[in-house]
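Here is what each chain is made of, one letter per residue.
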Amino acid sequence: MSEFLSPRLRRGDMTFGEKLWQVSWSLVFFISLIAGVGFLMLYSAANGSWDPWASRQMVRYGVGLGVMLVIAMVDVRQLMRWAYPVYGLVFVLLVGVEVRGSIGMGAQRWIDLGFFQLQPSELMKVALVLALARYFHGASLEDVGRPFYLVPPMLMVFAPGALVLKQPDLGTALMLIAGSGVIFFMAGVRLWKFGVVLGLAVAAVPIAWGFLRDYQKARVLTFLNPENDPLGTGYHILQSKIALGSGGVFGKGFLQGTQSHLNFLPERQTDFIFTMMAEEFGMAGGLVLLALYVVVVIYGFAIAIRSRHQFGRLVAIGITTTFFLYIFINIAMVMGLIPVVGVPLPLISYGGTAMLTLMIGFGCLMSVHVHRDVQMGRRGGYEEP
């Protein structure tokens, strides 16, 4: 049977049922398990009510799950063919934010669609991965070694990065650059070139400081010394640390967190939801959630290793790295290890576009897994082994 299916799998000639069978349902289970933890935390954030956050998040996850499975059925070669148009569309949306974007919490990041507040910078995280994976697909080490060959992908990274910084959204801009850096490395870019870029970035820090807005400078200074203004700029992170410490090893119990339920902890349904969880379930609960995250990350890297084509490997690495950066930046932020930059905790924090972006990304990851044995030429067509 395997001998009969192998040539068909290489050509990608699979029925809908065969593709459905190839889906990694164990990965779907772990993703759903993490989302379930998020529903419970949002229920707790509303003081024991499904409204207004948990119920909406469940609907969003259900829609996102459907989107993920639909994308998983799409031939990975179609993802490659549409990578540039998708990137171009999202880039236009980013420009649209600058022209007619909605302003909220001091930032201009959203496009009001009436029924939904769309944040294009979130969608760019997936669009950029697809575009870079297509560019580097089939590239030889000689190609990657030529400096001018790296100019187009660097423009693809820094153009949206500059627009996102202007919104301003430092956290998302850092995720775009860091995630792209991993794709560059996996494509074969030499380490010394990263060293040159890093050196230029460090040299530009004094110049960049002058372009930061006052509240961004305050966040950096608060990170260095949060006790300097405990009732102002340092309030968020100090309350977060108090809540983290008060949870102890096993926490105060579900719905029993004092910092969150007495409204000392700000943004408990979004940026600081991990803090609320640690207060209620302690270090043990936090470690369980981190273990679930690690399982999903391992699945992502395993899918990348298993893929027979460069495009799939780079997409899987890029999506998995983006997912990891969500986790790392959010948890490091609420622990005071890095400045507060407003990155949500994936599948846990309340948010529509972030949830949709994650599920689209997981759909692309699933598509790579389902079509892992497809033989792809440099332009995405079938290539005989």
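Only a predicted model underlies this, so the values are computations on that prediction, with no experimental measurement involved.

Digging into the overall build of the protein chain
Item 1. Helix and strand counts for the protein chain come out as 18 helices and 3 strands.
Item 2. Relative to its full complement of 385 residues, the protein chain shows a buried share of 50%.
Item 3. Residue pairs at least 24 apart in sequence account for 73% of intrachain contacts in the protein chain once pairs closer than 6 positions are excluded.
Item 4. On the protein chain, roughly 18000 Å² of surface is accessible, and the fraction owed to carbon and sulfur atoms is 70%.

Let's talk about the packing of helix α7 (residues 120-136) against helix α18 (residues 352-370)
Item 1. Their axes nearest at 8 Å, the elements α7 and α18 cross at an angle of 20 degrees. Overall, the two elements α7 and α18 adopt an arrangement that is roughly parallel. Contacts between α7 and α18 pair E122, L123, V126 and L130 from the former with T353, A354, T357, I360, G361 and C364 from the latter.
Item 2. Of the residues assigned to the contact of α7 with α18, the class counts are 6 nonpolar, 3 polar and 1 charged.

Re the packing of aromatic side chains
Item 1. All chains considered together, the criterion is met by 15 aromatic pairs.
Item 2. On the basis of an interplanar angle of 75 degrees and a centroid distance of 5.2 Å, the ring pair of F136 and F184 is categorised as edge-to-face. Note that F136 is positioned in helix α7 and F184 in helix α10 (residues 170-186), a separation of 48 residues in sequence. Each member of the pair, F136 together with F184, is buried.
Item 3. Their ring planes at 65 degrees and their centres at 5.3 Å tell us that F323 and F362 sit as a pair that is edge-to-face. Here F323, found in helix α17 (residues 310-334), pairs with F362, found in helix α18; they are 39 residues apart in sequence, far enough to count as distant.
Item 4. Residue class for F323 comes out buried when judged on its relative accessible area of 2%.

Regarding the nonpolar core
Item 1. With 99 residues, the main nonpolar core has I31, F136, F311, F323, L347 and F362 as its most contacted residues.
Item 2. In terms of residue count, the dominant contributor to this core is α17 (14 residues).
Item 3. Excluding anything up to four places from it in sequence, F362 contacts I31, M68, V296, I319, F323 and L347.

As for unusual backbone geometry
It is generally the case that most residues other than glycine have a negative phi and that most peptide bonds are trans.
Item 1. In this structure, P52 follows D51 across a cis peptide bond, with omega equal to 10 degrees.
Item 2. As for its position among the elements, P52 is in the loop between α3 (25-45) and α4 (54-73).
Item 3. Although it is not a glycine, N47 sits at a positive phi angle of roughly 60 degrees.
Item 4. Judged by relative accessible area, which is 46%, N47 ranks as partly exposed.
Item 5. Positive phi, close to 70 degrees, is recorded for L347, a residue that is not glycine.

Some remarks on the side chain of E122
Item 1. Examined against the element boundaries, E122 turns out to sit in helix α7.
Item 2. Here E122 is in contact with T172, Y326, T353, A354 and T357, once residues within four sequence places are set aside.

Re the packing of α17 against α18
Item 1. As a packed pair, α17 and α18 sit with axes 9 Å apart at the nearest point and diverge in direction by 150 degrees. Compared by their axis directions, α17 and α18 come out roughly antiparallel. Our pair here, α17 against α18, has a crossing hand that is left-handed. Together, G312, V315, A316, I319, T320, F323 and Y326 of α17 and T357, L358, G361, F362, C364, L365 and V368 of α18 make up the contact between the two elements.
Item 2. Each residue belonging to the contact of α17 with α18 can be placed in one class, and the counts come to 10 nonpolar, 4 polar and no charged.

Description of the pattern of salt bridges
Item 1. Applying the stated criterion across every chain, the model contains 6 salt bridges.
Item 2. When the shortest N-O distance is used, the salt bridge between R146 and D143 registers 3.0 Å.
Item 3. Take R146: its relative accessible area is 43%, and that puts it in the partly exposed class.
Item 4. Put simply, D373 and R308 hold a salt bridge, and the shortest N to O gap is 2.8 Å. A residue pair is termed long-range when its members are at least 10 positions apart, and D373 in the segment after α18 and R308 in the loop between α16 (273-306) and α17 qualify at 65 residues.
Item 5. Residue classification places D373 among the buried positions, given a relative accessible area of 11%.
Item 6. Salt bridges here are not isolated pairs; linked through shared partners, they connect R306, R308 and D373.

Scoring rules and cut-offs
Residues numbered from 1 in each chain as written. Predicted model: local features only at pLDDT ≥ 70, side-chain atom pairs only at ≥ 80, totals over all residues. Heavy atoms only, no water. Helix = DSSP H or I, 4+ residues; strand = E, 2+ residues; numbered from the N terminus. Buried < 20%, exposed > 50% of the residue type's maximum accessible area, 1.4 Å probe, protein only. Contact = heavy atoms within 4.5 Å. Areas by Shrake-Rupley, 256 points an atom, 1.4 Å probe, with all protein chains shown as cover. Axes fitted to C-alpha atoms, helices over the stretch in contact; angles between N-to-C directions. Parallel < 35°, antiparallel > 145°, perpendicular 65-115°, else oblique. Nonpolar A, V, L, I, M, F, W, Y, C, P; charged D, E, K, R; others polar. Phe/Tyr/Trp six-rings, centres within 6.5 Å; stacked < 30°, edge-to-face > 60°. Core = buried A, V, L, I, M, F, W, Y, C linked by side-chain atoms within 4.5 Å. Left-handed = near helix turned anticlockwise from the far one by under 90°. Salt bridge = Lys/Arg side-chain N within 4 Å of Asp/Glu carboxyl O.

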